[in-house]
Structure formats: C-alpha cells, structure tokens
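Next come the chains, spelled out residue by residue.
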Amino acid sequence: MKYLLIEEFCLRPGQNGEKLETLLRSRFKADLRLLKILKRSIDARKKKEILIKYRLVISAEDAEVPNLLARGCKPWIEEEALPSPGPARRQRDVIILGSGPAGLFAALRLAERGLRPRILERGKRVEERHGDVVKLRSEGILDPESNIVFGEGGAGTYSDGKLTTRIRAEEIHWFYEKLIEHGADPAIRYETKPHIGTDALFKIVASIRNSLEALGCRYEFGARVKSLIMNEGKFAAFRCADGSEYGAETAIIACGHSARDFYQSLEEQGMALEAKGFAVGLRIEHPAEFINRAQYGEAATLLPAADYRLTWNNARSGRGCYSFCMCPGGEVVNSSSEAGMLCVNGMSYSDRALAFSNAAIVVSVKPEDCGPSGLGGIAFQRELEGRAFAAGGGGFFACAQSAQGFLGRGKKSVNASSYRPGTREADFHDILPSFISDELVAALADFDRKIPGFVSEGSLLGVETRTSSPLRILRGQDGQSLSHPGIYPVGEGSGYSGGIVSSAVDGIKAADRIADSI
C-alpha cells in the first residue's frame, strides 16, 4: 500500500463532494482510498467554468501506483506533527485580562502546560450575554458591560467566525485542533476560507470554559479592571471598579479593541503606548442573491453564499480603501458599547443562509489624523459614533443611505435591511469627515466597475469604527510591556493582531513565553 498526493482534483458545481472517493475511483479507474483532504477551494475566475478544487491524499495498492504516478499523482509522506510543549518550567500565578481569542487560547495553552490562570472578564458568560445582545437588537437597550464587544469570547464571538489569516505560525495547527476538540467543524482544517459562524462559536466558547474549569482555571465575570497595582516596579495586581483586587506574579492583557476606559487608565498610569493606524467607514448591505449571482453566475444556486474582497488605493492621498469583515448570508449588528454612541459590525451564522450579505467599506486613518495623543484615535472614533447616534434619532437606530444617493447618482430609498431595531435615513456626508467620505465615493465607484450593480443594489449603514485598536501597548522582544514588567500585552486590543487566528496565536505565544521562563 502506497500513499499518494493528488495536487488538483476538480469537480463542477452540483457534483456531490460527499461522494469524493467514488468519484476518484471512477476517474482514475483504480481501487483507491481517500485518506485526507488537504485543501478545498472554489475557483470562480471564469463564471461559466467554475471549479471546486481539491488537494487530496489517497492510498493505493502497489500494482496500481505506476499508472497513478503516470497520471500526475505524486508520492506523499505525512509530515510529523510538532510535539506538544511540555510542562511549564516552574509554577507561577498568572492572571489574564479578557476572554476573547487571545486571552482564551493563552489560558488553554497555560492550562495544558500545567498552570492554572485566573481569567478576569468584564462582561458576562456567553449564555447571559446573548440575552443582552437580543435585548439591544429588539428594544434598543444597551448594557455597557454586556454586548457585541464585551463578554465571554470577546467581539469575535459575534462575527462570521472567519479563520482566514496571512500569518504563518506553528501555533495555528494547535489552535485549529483545539477548536475542533470543542465543537468546530473539522472542515476548517482544509477550507481555503474557513469560518465557524456565531451560532457555533457560542457553543465552542462555553465548551472551552468547561475544559478550563475542569483543569482548575478560574473565571471572574463582571470584573471590570480600573487600574494596575505595581510593587517595586513589577506588576502585582489588578484593581477592579468594585474595589476588589486580583494579584498574580504575571499578567496577560488581552482586553480587546473597545476597552477605552481601560486604555485611558493605562495612559494615566504611565504605560508605554503609541498611536497606530486603523480604519473607519460604513457597512454596505446587498441582497445575498445579488452577490451570489455577481460572483458565481448561473451556478449561484449550487454553491455556498459568495464573498468578495475589494481594494482601492488613492495614489494622491496615500490612503487605502478596502472591504473588511465580509459576511455572506449574514446581518448587520449593533456593536456599540457606550451610551449615546452608535457603531455597526457584521456577523453570519454557520450556514450563511440569511437574505442579505454585508461588508465594511473602510478608509485608512493615520495617527496624524487624530492629534498627538495616544488616545487621539479613540476620541476620533467617539466623535463619529456620537454623530451617527444623533443622526439615527436615538434608540440605537442605525443611520442609513442608499449607496447610489451617497455617490450623488440620484435619490433612492434605502433597501430593506437586516439591522435591528431599525434604520433612519441620513446623509453620511454630514457625519463623516470629508477625507473619509471623499475616499469612499471614489472607492465605491471603482467597486461598482468591478461588480456591476454594487452601488445601485447596495445600502450603506454606519458608522463602522471598530476595525482595530487605534493604539498599541508597547512591548519588548520578551513580549513584556516596555514600561511595566510582568505584563504581557497581546491580541487585537493591544495592537498586535487582526482577527481571530492572529489574536489567538499571539496569546498562545505569550503563554509559551511565560511557561518557558524561569
């Protein structure tokens, strides 16, 4: 018996991928076995010749190997799995601030290496948190501590659960296996654009909590950290808003990109911070059927909901505009966390089967756009969110405008929308600064040429401000804060990642640094 690699095995839309082994045997006229799918992707560059491409490992009897090699198969030897890291070099108390991807997987890595971290989470357990999100959606009532961005699992829990990333790291394999252990679809191992979906993430996050508690880790929910306590120049404890204190030898800060009050406290306490670039803009929503047909043509009904990725660069201004966090078959959600301020985001469930598809269309914002302070970006975000709240008329109604009207192509009413509790028509030129709105107009015109109908079929909702953290907590080569030893800043909120995978990997690396240090 020999193991062989098939670099590319193509199916047409509508062919049953669940019967892949049968299709392989028929095409190669050989009694082979399908061992593993290494990759699956959709090639839609030619809409009349869309292909579903697989990279596969098969096994075959020795007598059939020469024929299979002659037909393009290659010998395959499975790479040895990396050994799991061993026990921590010594026992120590570790406290983790935040239970988003960075904090959660840092905790899981530490626990598997024999440490028992304590997790401080300002929000609620995912089950209770969901009730608060439903209340915001249905009644427009915000709980500032339990919402789309605060609570167990972090902001990533209410997203599409996209696992695409540009980073290459050994820790990704471990991260994927832990997700699968806790309920994720094993197909994430080989999909080119894997995603989990909000509905599945609820269960996965709760399952990870159960595993951590079984290993002796402790959670403290409703623990909003207000300040740091240092002792002889090193971290000693976190002090919470209710006066409680939690001490440890080492801390991981994984607070997420919306912990604005905490950032201000860090600056007041002399934490080394710097402003960084981010992006703001609007979310555009289309009927999912329109996007599916635009991307797949007549094969749209035979394929999963379609996505897109669009970019536009202005050589004169030096700014980029791009689609971000595209949610096929999803909905636009309220991601506000402060009274009197409105921002939106997008999410999808695992089946991506809802009537609309949406994506953020955002413009890069440079540190110099927001003033000299490290907190200038937060002030900029807040100003836009306050304008959007006012334009929506209060009650967390989103302001909305047809993309056609925004481009000045005639009056057109806003299409039906997935956003709840509802929308109010507004003119985004009155809400956004001109350096943002002008770039959006030019970019949308370009995107309309790439996807005809993108403007006429689209509705804009806003504002989208929480694309990433507007500042960075400076850290050294050892991963520790430059100004506050004993603290490891990680993840998107600390300015070192963007998305679920890179945030989790950043947390895992911090956990390994802690476990490997003496």
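Quick note: structure is the one above.
Here's a quick rundown of the structure. All values derive from a computational prediction rather than experimental measurement.

Moving on, we get to the overall build of the protein. The helix and strand inventory of the protein stands at 12 helices and 22 strands. The C-alpha atoms of the protein give a radius of gyration of 24 Å, which matches the 24 Å a tight globule of 518 residues would have. Taking the principal axes of its C-alpha atoms as reference, the protein extends roughly 75 × 70 × 45 Å. Sequence-distant contacts, at least 24 apart, represent 72% of the contacts inside the protein between residues at least 6 apart. Total accessible area on the protein stands at roughly 22,000 Å², and carbon and sulfur atoms take up 49% of it.

Glancing now at the sheet that holds strand β5 (residues 94-97). Overall, parallel pairing links the 5 strands, which are arranged β7-β6-β5-β11-β22 in an open sheet. With one partner strand each, in any of the chains shown, β7 (218-221) and β22 (487-489) form the two edges of the open sheet. Averaged over neighbouring strand pairs, the angle between their axes works out to 20° when direction is ignored. Here 4 bridges tie β5 to strand β11 (residues 250-253), and the two strands are oriented parallel to one another. When the bridges of β11 are listed, Leu97 appears paired with Ile253.

Another aspect to go through is the nonpolar core. If you look at the biggest cluster of nonpolar residues, it comprises 77 residues, and the most contacted ones within it are Phe9, Phe28, Leu68, Tyr308, Leu440, Leu444 and Phe454. Examining the composition of this core, we find that 6 residues originate from one element, helix α11 (residues 434-450), more than from any other. Discounting chain neighbours no more than four positions away, the residues touching Leu444 are Ile284, Ile361, Phe406, Leu407, Phe454, Val455 and Leu460.

Summed over all chains, the structure comprises 1 cavity of 30 Å³ or more. Each pocket or cavity is described by its volume, and for the largest cavity that value is around 130 Å³. If you go around the largest cavity, you meet 16 residues; those closest to its centre are Pro101, Phe105, Leu201, Val205 and Ile500. Mapped onto the lining of the largest cavity, the elements with two or more residues apiece are α3 (101-112), α5 (171-181) and α6 (198-214). When residues in the lining of the largest cavity are grouped by element, the largest group, 4 residues, is from α6.

Turning our attention to the side chain of Ser469. By secondary structure assignment, the location of Ser469 is in the loop between β20 (459-464) and β21 (471-473). A distance of 3.3 Å separates the side chain of Ser469 from the backbone oxygen of Gly493, its partner in a polar contact. Setting aside anything within four residues of it in sequence, one finds Ser469 in contact with His257, Tyr263, Lys276, Gly277, Phe278, Glu492, Gly493 and Gly495.

What follows covers the packing of aromatic side chains. In total, this model carries 12 aromatic pairs according to the counting rule given. Site record: aromatic cluster; members linked through ring pairs are Phe105, Phe175 and Tyr176. Between Arg122 and the ring centre of Phe150, over which it is positioned, the NZ or CZ distance is 4.1 Å. Seen from the ring of Tyr496, Arg475 lies directly overhead, with NZ or CZ sitting 3.6 Å from the centre.

With that settled, consider the layout of surface pockets. Its volume calculated, the second largest pocket comes out at about 1,700 Å³. The wall of the second largest pocket is formed by 43 residues, among which Leu38, Glu79, Ile172, His173 and Arg189 lie closest to the centre. Contributing elements (two or more residues each) for the lining of the second largest pocket: β2 (33-43) and α5. Considered class by class, the residues forming the lining of the second largest pocket number 20 nonpolar, 5 polar and 18 charged.

Now for the sheet that holds strand β4 (residues 74-75). Backbone-to-backbone hydrogen bonds join strands into a sheet, with any given pair of strands oriented parallel or antiparallel. Strand order in the open sheet made by the 4 strands is β2-β3-β1-β4, with antiparallel pairing throughout. In this open sheet, the two edge strands, each paired with only one partner strand, are β2 and β4. Where β2 and strand β3 (residues 51-60) come together, 9 bridges link them in antiparallel fashion. In the strand pairing of β3, Arg40 is matched with Tyr54. Packing of helix α1 (residues 20-28) onto the sheet brings it into contact with β1 (2-11), β2 and β3, and relative to β1 it is tilted by some 95°.

Right, let's talk about helix α4 (residues 126-139) for a bit. Between its first and last C-alpha, α4 extends 20 Å over 14 residues, near the 20 Å set by a 1.5 Å rise per residue. Along α4, the residues classified as buried are Val126, Arg129, Asp132, Val133 and Leu136. One face of α4 carries all of its buried residues, which in axial projection span an arc of 115°. In this fold, the buried residues of α4 make contact with α6 and β15 (319-334). Directly beyond the C-terminal end of α4, a positive phi value near 70° is found at Gly140.

Moving on: a nonpolar patch on the surface. Side chains of Met1, Tyr3 and Leu35 sit close together on the surface and give an oily, nonpolar patch of about 320 Å² of accessible area. Relative to the elements of secondary structure, Met1 occurs in the segment before β1.

For α3, which comprises 12 residues, the first-to-last C-alpha distance of 16 Å matches the rise-based estimate of 16 Å (1.5 Å per residue) to within 8%. A large share of α3 lies buried, amounting to 11 of its 12 residues. Three or more residues of α3 are buried, namely Pro101, Ala102, Gly103, Leu104, Phe105, Ala106, Ala107, Leu108, Arg109, Leu110 and Ala111. Downstream of α3 by a residue or two, Gly114 has a phi angle that is positive, lying close to 95°.

Further remarks concern the packing of α3 against helix α12 (residues 500-516). With their axes 7 Å apart at the nearest point, α3 and α12 run at an angle of 40° to one another. The orientation of α3 relative to α12 falls into the category oblique. Here the hand of the crossing between α3 and α12 comes out right-handed. Between α3, through Pro101, Ala102, Phe105, Ala106, Arg109 and Leu110, and α12, the contact on the second element is made entirely by Ile500, Ser503, Ala504, Gly507, Ile508, Ala511, Asp512 and Ile514. Looking at the contact of α3 with α12 residue by residue, the class counts come to 10 nonpolar, 2 polar and 2 charged.

Reading the values: the criteria
- Here the residue numbers are simple positions, counted from 1 along each chain's written sequence.
- Since the coordinates come from a predicted model, pLDDT governs what is reported: local features require at least 70, and pairs of side-chain atoms require 80 or more to be given and counted, while whole-chain, interface and lining totals use all residues.
- Hydrogens are left out, water is left out, and the side-chain values use all remaining heavy atoms of the structure.
- Where helices and strands are cited, they refer to DSSP runs of H or I of at least four residues and of E of at least two residues respectively, numbered from the N terminus.
- The quantity called the radius of gyration is restricted to C-alpha atoms. Its globule counterpart is 2.2 Å times the number of residues to the power 0.38.
- Contacts are assigned to residue pairs with any non-hydrogen atoms lying within 4.5 Å of each other.
- Note on areas: Shrake-Rupley with a 1.4 Å probe; residue coverage comes only from the protein chains shown.
- Strands pair, by our definition, only if DSSP identifies at least two bridges between them.
- Under this scheme, a helix contributes an axis fitted over its contacting stretch, all axes are lines through C-alpha atoms, and angles between N-to-C directions fall in the 0 to 180 degree range.
- Put simply, buried Ala, Val, Leu, Ile, Met, Phe, Trp, Tyr and Cys residues joined by side-chain atoms within 4.5 Å make one nonpolar core.
- With a 1.4 Å probe rolled over the protein chains alone, any residue whose accessible area is under 20% of its type maximum counts as buried; one over 50% counts as exposed, and the rest are partly exposed.
- Whether a set of points on the 1 Å grid over the protein atoms alone is a cavity depends on a 1.4 Å probe fitting there but being unable to get out, while an open set qualifies as a pocket with protein on both sides within 12 Å along at least five of seven lines; lining residues are those with an atom within 4 Å of a point.
- Grid points are joined across faces, edges and corners, and a volume is the space filled by probe spheres set on the points.
- Polar contacts, as used here, are pairs of N or O atoms within 3.5 Å; protein pairs need one atom able to donate a hydrogen and one able to accept it. Residues neighboring in sequence count only if both atoms are side-chain atoms.
- Two aromatic rings, drawn from Phe, Tyr or Trp (for Trp, its six-membered ring), form a pair once their centres lie within 6.5 Å of each other, and the interplanar angle then sorts them: stacked below 30 degrees, edge-to-face above 60, tilted otherwise.
- In this scheme, the term charge over a ring applies when either NZ of a lysine or CZ of an arginine sits within 6 Å of the ring centre and within 35 degrees of the ring normal.
- Polar here means any residue other than Ala, Val, Leu, Ile, Met, Phe, Trp, Tyr, Cys and Pro, which are nonpolar, and Asp, Glu, Lys and Arg, which are charged; Gly is therefore polar.
- Expected span of a helix: the number of residues minus one, times 1.5 Å.
- Along the arc lie the directions from the helix axis toward the C-beta atoms.
- Patches here are clusters of residues that have more than 30% relative accessible area and form no salt bridge, with a 9 Å joining cutoff for like charges and a 5 Å cutoff for nonpolar side chains (Val, Leu, Ile, Met, Phe, Trp, Tyr).
- The term salt bridge refers to a pairing of a side-chain nitrogen on Lys or Arg with a carboxyl oxygen on Asp or Glu at a separation within 4 Å.
- Under this scheme an angle from 65 to 115 degrees is roughly perpendicular, one under 35 degrees roughly parallel, and one over 145 degrees roughly antiparallel; angles in between are oblique.
- By convention the crossing between two helices is left-handed if the near helix lies anticlockwise of the far one by an angle smaller than a right angle, and right-handed if it lies clockwise.

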